[in-house]
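Analysis of the macromolecular model
The lines below spell out each chain.
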Number of protein chains: 2
Amino acid sequence: MRQVAILGIGQIKIDEHWERSLREIGGDAAFAALKDAGVDKVDALFVGNMISPIVNGQNQLGAFFADWIGLWKQEAVKIEAACGSGAAAFRAGLMAVASGDVESALVLGVEKMTDKAGRDVTAALATAADADYELEQGVSFVGINALVMRRYMHEFGWKHEHFAPFSINAHANAVHNPFARLRERITLEKFERSAMIATPINLLDASPIGDGAAAAVIVPAEQVMRQPRILVSASAAATDTIAVHSRRDPLFLQAAYDSSRRAYQMAGVTPDQIDLFELHDAFSIMAALSLEACGFAERGQGVRLGLDDEISPQGRVPVCTRGGLKARGHPVGATGMYQIVEIVQQLRGECGKTQVEGAKIGMAQNIGGSGATILTHILRAEG
Amino acid sequence: MRQVAILGIGQIKIDEHWERSLREIGGDAAFAALKDAGVDKVDALFVGNMISPIVNGQNQLGAFFADWIGLWKQEAVKIEAACGSGAAAFRAGLMAVASGDVESALVLGVEKMTDKAGRDVTAALATAADADYELEQGVSFVGINALVMRRYMHEFGWKHEHFAPFSINAHANAVHNPFARLRERITLEKFERSAMIATPINLLDASPIGDGAAAAVIVPAEQVMRQPRILVSASAAATDTIAVHSRRDPLFLQAAYDSSRRAYQMAGVTPDQIDLFELHDAFSIMAALSLEACGFAERGQGVRLGLDDEISPQGRVPVCTRGGLKARGHPVGATGMYQIVEIVQQLRGECGKTQVEGAKIGMAQNIGGSGATILTHILRAEG
């Protein structure tokens, strides 16, 4: 398997882009990545997207974007794994380049979510869950996560306020990220006073949707001259039952455990060597569960990392260094590629006030559904 | 790049499976493929599907089916390229095995289309076209193909009846395929008297939808002991503009030309060495255009192969040997995998009355949209 490296990255600010279409926002990120890579063409395009068939009435985003971007004639395809679609597209692109069948690929994560009413988007997002056995009960996607959070608080004795550091850290970091949607600090008081969505998840436990697109150009490592060279040291994916109630332990992200362990092995690293971890904080409870499953905290103790101030860019386990899903925003099918792009920015040392000093190894973890599809990637700066 | 081979295949009869759910029909094909392969587990699952987010309210079919099939914990993802989703999933699986990152994969094409009213399905299928520039004009997917067919008849002087042999051949072959939806012969009279859908496309020019699922297990070639060994000699994908009106020549399938030429080169064959060609006859006009773009007929002369009786299993260029999209049926995201499965059946010599004598090399071509995404695969029997 050939070693693959990231040649260029691009992203747009996550926002309500009323004046821009799906193709325009995706194109903007793609053009930025091609420009950053210094190329105007690639062999193949891999698009990560979740809800455009429902919300935008558009399928076949591979050909759709190849056409718009000017990659006409090139191979192009869409990959979907709910909110894990971005990283799933990245992994599909990696396989194609690693196999030797293509010499370069553009991976684009894109989602245009704000063209429909909130209830329509909520219904679209619910397609990540099990339609027959979860949605049939009338539970929404946030509702499923609320059940998990409530159980976690009960089992391990945590209170709602103990989750605050995750959201406070994310918002504090987003202030310095021009591509983030919510660039404002929040306090513990504000966190606790925020409107309830599905008990115990309130507005500041939950990530905002948005229109977003992020992209990267990948090529065989030996073709990258730019310093530092950003290598993809590991790529691993795993699944769990799609319905949370089918799991032996609904408070353990088995697929995060499996994919992270495989990634550590591929990259030859241990969790303590990871300089930053862009985790999938769609809800604050997910941040805690990811930290535990990936070996950064004991079972039931993920929230302690926030309380002990270990998750800031200066901490032992920096997470959400550009705002995370919580404050950078969560344009579902694009999120996985934002994580990859942000790690590249950190490894290049381009993150200013939220720069993790001397960052050499970064890990991204993208989650589809309530832990059903989980992809873990480890990037390493060389030179 | 490692050579990949097909270890096992499975499929279900295409029909209106009112009593079976999406997961059940997909599971049936997957279990059949695993059984045929003689394995009960694979490293990864690749699912091809187009409209389940819209029609079934279900996304994340990778984890969804991994869970149902008992591949829990394994990597799983969905690939979508409109009606080309099946072959796109097959190609993604190939890349993963070829790269060396996984040792075995199950590729499943599945579509459950008949749970919604016809108008809802028509709307769902329209997402394959350009929502902003084609659908906005009020044209349906069959309407776009009707415009192409009318133009073709005008340019090259053919009449509607000249397309009849494609449908007559497809129906004649489907009679002998227990998995086909329409197992009945048709005549030229019936073809000409059939109800008009979108002039000049009538009911017998158009393929029927249906609930269907087809699957294959793929592994590195050296792991296959079974004779004959079915090698994947070539896999190629290409795109064209998503909107037909943007093409310089709307009567030429550029992406079929590009992907077939790349496939011929990879496999080291010329069109006259192809023993059978499972083409994408979603509409009779598409059969003609595919034959022309892939080098089996001159421009504007694709229909002549039917008129000259060259497309039957005994002909020079056998097409739709198991019924094709027209009579086997077209469960959109599953179709590409039906084509692969049917070629394996031919190369194994299991096709009875529609067996292509001594078939050693078969080609499958799966099309997304009106020629926007086209994938060509060449399979070869060895031993």
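In this report, we go over the structure that sits alongside the text. (Residues numbered from 1 in each chain as written. Chains lettered and ligands numbered in written order. Predicted model: local features only at pLDDT ≥ 70, side-chain atom pairs only at ≥ 80, totals over all residues. Heavy atoms only, no water.)

1. With respect to the overall build of chain A
A tally of helices and strands in chain A yields 13 helices and 11 strands. The proportion of buried residues among the 383 residues of chain A is 69%. Considering only intrachain contacts with a sequence separation of at least 6, the fraction spanning at least 24 residues in chain A is 78%. Carbon and sulfur atoms form 50% of the exposed surface of chain A, whose accessible area is close to 12,200 Å². Charge separation in chain A, taken as the distance between the mean sites of 36 positive and 44 negative side-chain charges, equals 2 Å. (Helix = DSSP H or I, 4+ residues; strand = E, 2+ residues; numbered from the N terminus. Buried < 20%, exposed > 50% of the residue type's maximum accessible area, 1.4 Å probe, protein only. Contact = heavy atoms within 4.5 Å. Areas by Shrake-Rupley, 256 points an atom, 1.4 Å probe, with all protein chains shown as cover. Lys, Arg positive; Asp, Glu negative; His and termini not counted. Charge placed at Lys NZ, Arg CZ, Asp CG, Glu CD.)

2. A look at the relation of the copies chain A and chain B
Mapping chain A onto chain B calls for a screw motion: a turn of 180° about the axis and a shift of 0.0 Å along it, with 0.0 Å RMSD after fitting. The transformation just described matches what one would write down for a two-fold rotation axis. Residue S99 of chain A, judged by its C-alpha, is the member of chain A lying nearest the rotation axis, at 1.8 Å. Of all interface residues in chain A, 100% are interface residues in chain B too; the two copies therefore contact each other through one and the same surface. (Least-squares fit on C-alpha atoms with pLDDT ≥ 70 in both.)

3. Concerning the pairing of strand β2 (residues 44-48) of chain B
All names here are of chain B. With 5 of 5 residues buried, β2 is to be regarded as a mostly interior element. Burial along β2 is two-sided: A44, F46 and G48 facing one way and L45 and V47 facing the other are all buried. Direction of pairing for β2 relative to strand β3 (residues 75-80): parallel, over a ladder of 5 bridges. Bridged to F46 within β3 is V77. Across 5 bridges, the pairing between β2 and strand β4 (residues 105-111) is parallel. Opposite L45, over in β4, you have L106 as the bridge partner. (Pairing = 2+ DSSP bridges.)

4. Observations regarding helix α13 (residues 335-347) of chain A
All names here are of chain A. In this model, α13 (13 residues) spans 19 Å end to end at C-alpha, consistent with the 18 Å of a helix rising 1.5 Å per residue. Extensive coverage of α13 is indicated by the burial of 13 of its 13 residues. In the stretch just after α13, G349 is the one whose phi turns positive, near 75°. (Expected span 1.5 Å × (residues − 1).)

5. Focus on the packing of helix α4 (residues 85-99) of chain A against helix α4 (residues 85-99) of chain B
One can describe the packing of α4 of chain A onto α4 of chain B by two numbers: an axis separation of 8 Å at closest approach and a directional angle of 55°. Taken together, the axes of α4 of chain A and α4 of chain B are oblique relative to one another. Viewed along their axes, α4 of chain A and α4 of chain B form a crossing whose handedness is left-handed. Where α4 of chain A abuts α4 of chain B, its residues M95, A96, A98 and S99 of chain A lie against M95, A96, A98 and S99 of chain B. Along the lines of polarity and charge, the residues of the contact of α4 of chain A with α4 of chain B split into 6 nonpolar, 2 polar and no charged. (Axes fitted to C-alpha atoms, helices over the stretch in contact; angles between N-to-C directions. Parallel < 35°, antiparallel > 145°, perpendicular 65-115°, else oblique. Left-handed = near helix turned anticlockwise from the far one by under 90°. Nonpolar A, V, L, I, M, F, W, Y, C, P; charged D, E, K, R; others polar.)

6. Quick look at the interface of chain A and chain B
On the side of chain B, 61 residues touch chain A, which itself brings 61 residues to the contact. Both faces considered, chain A and chain B share a buried interface measuring about 4,500 Å² in area, 47% of it formed by carbon and sulfur atoms. Where chain A packs against chain B, one counts 10 salt bridges. One salt bridge in this structure joins E80 of chain B and K78 of chain A, with 3.1 Å as the shortest N-O distance. Every element with two or more residues in the side of chain A that touches chain B is listed here: α2 (52-55), α3 (61-69), β3 (75-80), α4, β8 (229-239) and α9 (254-267) of chain A. A class-by-class count of the residues in the side of chain A that touches chain B yields 31 nonpolar, 17 polar and 13 charged. Here β3 of chain A pairs with β3 of chain B via 3 bridges, running antiparallel. Each residue of the ladder has a partner; that of E80 of chain A, found in β3 of chain B, is K78 of chain B. (Buried area = accessible area lost by both parts, 1.4 Å probe. Salt bridge = Lys/Arg side-chain N within 4 Å of Asp/Glu carboxyl O.)

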